[in-house]
Amino acid sequence: MDKNDTYILERQVGFVMRRAVQRHIAIFSALIPEMTPTQFAALAKLCELGQASQNELGRLTSMDVATIKGVVDRLRSRELISSAPLESDKRRLMLAPTRKGRAMYRKYVAQATEVSRQTLAPLDDGEQRQLVQLLERII
């Protein structure tokens, strides 16, 4: 077999990205133990927007229908978000952060920034910007 034909798992982009995500999640879990990254992302986006439909929130946080439903259910059960039917279309559920949800977001927003800082810490400032720009190009 030619050396160029050899498949080396550790050099495959998906493998390397998965390892980077695992590292990121471990840092997140250590700094923000009360919620998952997907829960924080949904809560942060709702705090930014004020309100959104469940479908819109899923799109804006890049979560599929099943994932966003589970995230919303867990956030709602913890009383971090509220839901109500849209006045003009009762089938559409509108979500909003509760006072408790906004407080939770404020409690962890600095740690969330620190998660990103620690994840990218092995890189210098220019490499950090370049990595994020390159990743944005492939999504």
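On a predicted model such as this, the values are computed, not experimentally measured, just so you know. (Residues numbered from 1 in each chain as written. Predicted model: local features only at pLDDT ≥ 70, side-chain atom pairs only at ≥ 80, totals over all residues. Heavy atoms only, no water.)

This part covers the overall build of the protein. A count of helices and strands for the protein gives six helices and three strands. Element order for the protein, N to C, with α for helix and β for strand: α-α-β-α-α-β-β-α-α. Scaling as 2.2 N^0.38, a compact globule of 139 residues should have a C-alpha radius of gyration of about 14 Å, whereas the protein reaches 18 Å, well beyond that. The dimensions of the protein, computed from C-alpha atoms along their principal axes, are 65 × 30 × 25 Å. Residue burial in the protein is summarised as follows: out of 139 residues, 28% are buried. Sequence-distant contacts, at least 24 apart, represent 55% of the contacts inside the protein between residues at least 6 apart. For the protein, the exposed area adds up to about 9,600 Å²; of that, 54% sits on carbon and sulfur atoms. Computed over 22 positive and 16 negative side-chain charges, the inter-centroid distance for the protein is 6 Å. (Helix = DSSP H or I, 4+ residues; strand = E, 2+ residues; numbered from the N terminus. Rg over C-alpha atoms; globule rule 2.2 N^0.38 Å. Buried < 20%, exposed > 50% of the residue type's maximum accessible area, 1.4 Å probe, protein only. Contact = heavy atoms within 4.5 Å. Areas by Shrake-Rupley, 256 points an atom, 1.4 Å probe, with all protein chains shown as cover. Lys, Arg positive; Asp, Glu negative; His and termini not counted. Charge placed at Lys NZ, Arg CZ, Asp CG, Glu CD.)

Viewed as axis vectors pointing N to C, helix α2 (residues 37–49) and helix α5 (residues 99–120) meet at an angle of 110°, and their least axial separation amounts to 10 Å. Here α2 lies roughly perpendicular to α5, going by the angle between them. When the axes of α2 and α5 are compared, the crossing they make is left-handed. Where α2 abuts α5, its residues F40, L43, A44 and C47 lie against G101, R102, M104, Y105, Y108, V109 and A112. Each residue belonging to the contact of α2 with α5 can be placed in one class, and the counts come to nine nonpolar, one polar and one charged. (Axes fitted to C-alpha atoms, helices over the stretch in contact; angles between N-to-C directions. Parallel < 35°, antiparallel > 145°, perpendicular 65-115°, else oblique. Left-handed = near helix turned anticlockwise from the far one by under 90°. Nonpolar A, V, L, I, M, F, W, Y, C, P; charged D, E, K, R; others polar.)

Before going further, it helps to examine the nonpolar core. In this structure, I32, M35, F40, A42, L57, L75 and I81 are the most contacted members of the largest nonpolar core, which totals 24 residues. At the level of elements, α1 (13–31), α2, α4 (65–77) and α5 are the ones that each hand at least two residues to this core. In terms of residue count, α2 provides more of this core than any other element does, six residues in total. Ignoring anything within four residues of it in the chain, the contact list for M35 reads F28, F40, L43, L75, R78, L80 and M104. (Core = buried A, V, L, I, M, F, W, Y, C linked by side-chain atoms within 4.5 Å.)

Looking now at the pairing of strand β3 (residues 89–97). Taken together, the two bridges between strand β1 (residues 52–53) and β3 define a ladder with antiparallel strand orientation. Of the residues in β3, the one forming a bridge with S53 is M94. One ladder, built from six bridges, connects strand β2 (residues 81–86) with β3; its direction is antiparallel. Across the sheet, the residue bridging to S82 is A96, located in β3. (Pairing = 2+ DSSP bridges.)

Across its 19 residues, α1 extends 27 Å between first and last C-alpha, which sits within 8% of the 27 Å expected from 1.5 Å per residue. For α1, the set of buried residues is F15, I27 and F28. Those residues of α1 that are buried are in contact with α2 and α5. (Expected span 1.5 Å × (residues − 1).)

Let us now look at the environment of V65. Position of V65 among the secondary structure elements: in helix α4. According to the relative accessible area criterion, V65 is exposed, its value standing at 64%. Here the alpha-carbon distance between V65 and A103, two residues 38 residues apart in the chain, equals 27 Å.

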